[in-house]
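Breakdown of the fold
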Amino acid sequence: MQKDGDDVSIWGSFLAGDHQAYEYIYKQNIQKLFLYGMTLTSDEELVKDCIHDIFIHIYKNRQNLGKTNNIRFYLISALKNKILMVFRKQKTYDKFKNSLDEEPVEINTAIDNIISAESEIERKAQIDHIWSVLTTRQKKIIYYKYVEGLSISEIAKKENIDYHSVANIIQRAIKKMRNFYFKSD
């Protein structure tokens, strides 16, 4: 192997199994790879681990690697990809870990869903019954007040009646609904 040779012949020697070529590639690039890795992250140990993983990977898989005419560029690309992959895995792990730290999610069974649906139907029927005891005018005023969120003054203006009449209608409607609700219990 010629040490001062071009990247094509050095890489070719390495791919052919020349241990000296592998050592030469390592020694010529380790410092530059470390410096490049530190531009991507401040975690020195992560950079060292990724460089180590890359050199193990290229050694184990040298029979399957393609040719290159720029070894440093090849290794820098591999390092960048390796660090990004670690970041992606770390982000996924952090999301997973954070989800474990949160309150456990309640898993509804089919029976729970049926009970919930039946309870909702019962509540709706109860509201419909309570609503049925009101006069049309009371329903309208209650709707304006509690659904549309209008003030008593706004309702009075809209219905062309005085303020006190609106307040009285609301009080009577609420009283009627309460009485009906407590009778039906």
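Computed from a prediction, not measured in an experiment: that's the story for all the values here.

Next up on the list: the packing of helix α2 (residues 19–40) against helix α3 (residues 44–60). Two quantities define a packed helix pair, namely the angle between the axes and the distance from one axis to the other. Between α2 and α3, whose axes approach to 10 Å, the crossing angle comes to 150°. One element, α2, and the other, α3, form an angle in the roughly antiparallel class. Like other packed secondary-structure pairs, α2 and α3 cross with a definite hand, here right-handed. Note on element contacts: α3 touches α2 through E44, V47, K48, I51, F55, I56, I58 and Y59, opposite H19, Y22, I25, Y26, I30, L33, F34, G37 and M38. Among the residues making up the contact of α2 with α3, the classes are represented as 13 nonpolar, two polar and two charged.

Now for α2. The first and last C-alpha atoms of α2 sit 30 Å apart over 22 residues, in line with the 32 Å expected at 1.5 Å per residue. Taken as a whole, α2 has its buried residues at A21, Y22, Y24, I25, N29, L33, F34 and G37. Put simply, D18 is the residue that caps the front of α2, since its side-chain oxygen is 2.9 Å from the backbone nitrogen of Q20.

Bringing the nonpolar core into the picture now. Grouped together as the largest cluster of nonpolar side chains are 22 residues, with contacts concentrated most on W11, F14, I25, F55, I58 and L75. Going through the elements one at a time, α1 (7–15), α2, α3 and α4 (71–101) are the ones with two or more residues in this core. Considering each element in turn, this core owes the most residues, seven residues, to α3. Residues in contact with I25, not counting those within four places in the same chain, are I10, W11, F14, F55, I71 and L75. Counting residues in hydrophobic clusters, the runner-up holds 15 residues, among them I142, Y144, A173 and M177.

So, about unusual backbone geometry. Even without being glycine, N160 reaches a positive phi, approximately 60°. Relative to the helices and strands, N160 resides in the loop between α7 (152–159) and α8 (163–184).

This part covers the pattern of salt bridges. Applying the stated rule across the entire model yields four salt bridges. E23 serves as the salt-bridge partner of K27, at 2.8 Å between the closest nitrogen and oxygen. Here K27 and its partner E23 are both found in helix α2, four residues apart, which amounts to about one turn of the helix. For K27, a relative accessible area of 57% puts it in the exposed group. When its relative accessible area of 42% is taken as the criterion, E23 is described as partly exposed. Residues K82 and D53 are paired through a salt bridge, measuring 3.6 Å at the closest nitrogen-oxygen approach. Of the two residues, K82 is situated in helix α4 and D53 in helix α3; the sequence distance between them amounts to 29 residues.

All right, on to a nonpolar patch on the surface then. Together, W131, Y143 and V147 make up a nonpolar patch on the protein surface, roughly 290 Å² of accessible area in all. Here V147 lies in helix α6 (residues 136–147).

Position of T68 relative to the elements: it lies in the loop between α3 and α4. The buried category is assigned to T68, whose relative accessible area is 13%. At a separation of 3.2 Å, a polar atom in the side chain of T68 contacts the main-chain amide nitrogen of N70. With residues up to four places along the chain from it excluded, the contact list for T68 reads D7, V8, W11 and Y74.

Definitions and cut-offs
- Residues numbered from 1 in each chain as written.
- Predicted model: local features only at pLDDT ≥ 70, side-chain atom pairs only at ≥ 80, totals over all residues.
- Heavy atoms only, no water.
- Axes fitted to C-alpha atoms, helices over the stretch in contact; angles between N-to-C directions.
- Helix = DSSP H or I, 4+ residues; strand = E, 2+ residues; numbered from the N terminus.
- Parallel < 35°, antiparallel > 145°, perpendicular 65-115°, else oblique.
- Left-handed = near helix turned anticlockwise from the far one by under 90°.
- Contact = heavy atoms within 4.5 Å.
- Nonpolar A, V, L, I, M, F, W, Y, C, P; charged D, E, K, R; others polar.
- Expected span 1.5 Å × (residues − 1).
- Buried < 20%, exposed > 50% of the residue type's maximum accessible area, 1.4 Å probe, protein only.
- Polar contact = N/O pair within 3.5 Å; in protein donor to acceptor, adjacent residues only side chain to side chain.
- Core = buried A, V, L, I, M, F, W, Y, C linked by side-chain atoms within 4.5 Å.
- Salt bridge = Lys/Arg side-chain N within 4 Å of Asp/Glu carboxyl O.
- Patch = residues over 30% accessible without salt bridge, like charges linked within 9 Å, V, L, I, M, F, W, Y side chains within 5 Å.
- Areas by Shrake-Rupley, 256 points an atom, 1.4 Å probe, with all protein chains shown as cover.

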